[in-house]
Amino acid sequence: MKKIQKLVGEEEKLRMPIAQGLPWTTDEPKCLIKPPVKKNTIPIDLKLHSDIRAMERAWFAHQVAEKGRLIKQYKMERERQQKLEEEEEIKRLRKELIPKAQLMPYFDRPFVPRRLEKQPTVPREPKFCIPRHKTIKCCRMSCNDMSGPSQLQHLPSSIEKAEALYKNRILQ
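Residues numbered from 1 in each chain as written. Predicted model: local features only at pLDDT ≥ 70, side-chain atom pairs only at ≥ 80, totals over all residues. Heavy atoms only, no water.

## Things to note about the overall build of the protein
So, point 1. A tally of helices and strands in the protein yields 5 helices and 0 strands.
So, point 2. Counting from the amino terminus, the protein carries its helices and strands in the arrangement α-α-α-α-α.
So, point 3. Taken over 172 residues, the protein has a buried fraction of 4%.
So, point 4. Split by element, the accessible area of the protein, about 19,800 Å² in all, is 61% carbon and sulfur. (Helix = DSSP H or I, 4+ residues; strand = E, 2+ residues; numbered from the N terminus. Buried < 20%, exposed > 50% of the residue type's maximum accessible area, 1.4 Å probe, protein only. Areas by Shrake-Rupley, 256 points an atom, 1.4 Å probe, with all protein chains shown as cover.)

Given below as structure tokens:
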């Protein structure tokens, strides 16, 4: 136990710093010279891109507004000119269009229309049959039923030819 107390006591002594005094001299302690003071820094004006862009945008907006104002002024001037021209035209027409008496028709020579020399139109009988190239296979029989008896004589041979061509195409 004594050894432990002795070790703890030594550790405490080591923890305490030992003050070292100035050397034994007759000179007074020297005062250090202060370093020269630097001048205050002057901040440089920053030019942000957003500020430059805002100035350009303001200038552009001003140009657009000026152009719009000029166009509006031009339109108003043109409308005013057109209105003046219309008024002048109306005045001129009113002067020209003085009502005048119409000539009386001659009742001693009444109007008699002449007969036309053109021949009247000869009516034709309508064709209710759909042309062969526009019909589908299932509708051919109904088309044949609607056609007249004069066409039935020529149809069987033409139908057989068309069916033969159709079968040849399918086989190829």
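This is not the end of the story, as more comes after the structure.
## Re the pattern of salt bridges
So, point 1. The final tally for this structure, using the stated rule, is 5 salt bridges.
So, point 2. Glu11 serves as the salt-bridge partner of Arg15, at 4.0 Å between the closest nitrogen and oxygen. Of this pair, Arg15 and Glu11 both sit in helix α1 (residues 2–15), 4 residues apart, which is roughly one turn of the helix.
So, point 3. Residue Arg80 is joined to Glu77 by a salt bridge in which the shortest nitrogen-to-oxygen separation is 2.5 Å. One end of the pair is Arg80 and the other is Glu77, both in helix α2 (residues 49–96) and 3 residues apart, which spans about a single turn. (Salt bridge = Lys/Arg side-chain N within 4 Å of Asp/Glu carboxyl O.)

## What to know about the confidence of the model for the protein
So, point 1. Per-chain confidence: the protein averages 80 in pLDDT, with 79% of residues scoring 70 or above.
So, point 2. Mean pLDDT in the protein bottoms out at helix α4 (residues 149–152), which sits at 48, and peaks at α2, which reaches 95.
So, point 3. Within the model, the stretch residues 147–155 combines pLDDT values under 50 with 5 contacts to residues more than four positions away or in other chains. (pLDDT = per-residue confidence, 0-100. Contact = heavy atoms within 4.5 Å.)

## Thoughts on a negative patch on the surface
So, point 1. On the surface, Glu85, Glu86, Glu87 and Glu88 cluster together into a negatively charged patch.
So, point 2. We classify Glu88 as exposed; its relative accessible area is 54%. (Patch = residues over 30% accessible without salt bridge, like charges linked within 9 Å, V, L, I, M, F, W, Y side chains within 5 Å. Lys, Arg positive; Asp, Glu negative; His and termini not counted. Charge placed at Lys NZ, Arg CZ, Asp CG, Glu CD.)

## Brief notes about α1
Given 3.6 residues to a turn, an α-helix orients residues that are three or four positions apart in the same direction.
So, point 1. Its 14 residues give α1 an end-to-end C-alpha distance of 20 Å, which sits within 8% of 20 Å, the value for a rise of 1.5 Å per residue.
So, point 2. The buried fraction of α1 amounts to 0 of the 14 residues, a small share that puts the element mostly on the outside. (Expected span 1.5 Å × (residues − 1).)

## Examining a nonpolar patch on the surface
So, point 1. On the surface, Trp59, Phe60 and Val64 cluster together into a nonpolar patch covering about 340 Å² of accessible area.
So, point 2. Along the chain, Phe60 turns up in helix α2.

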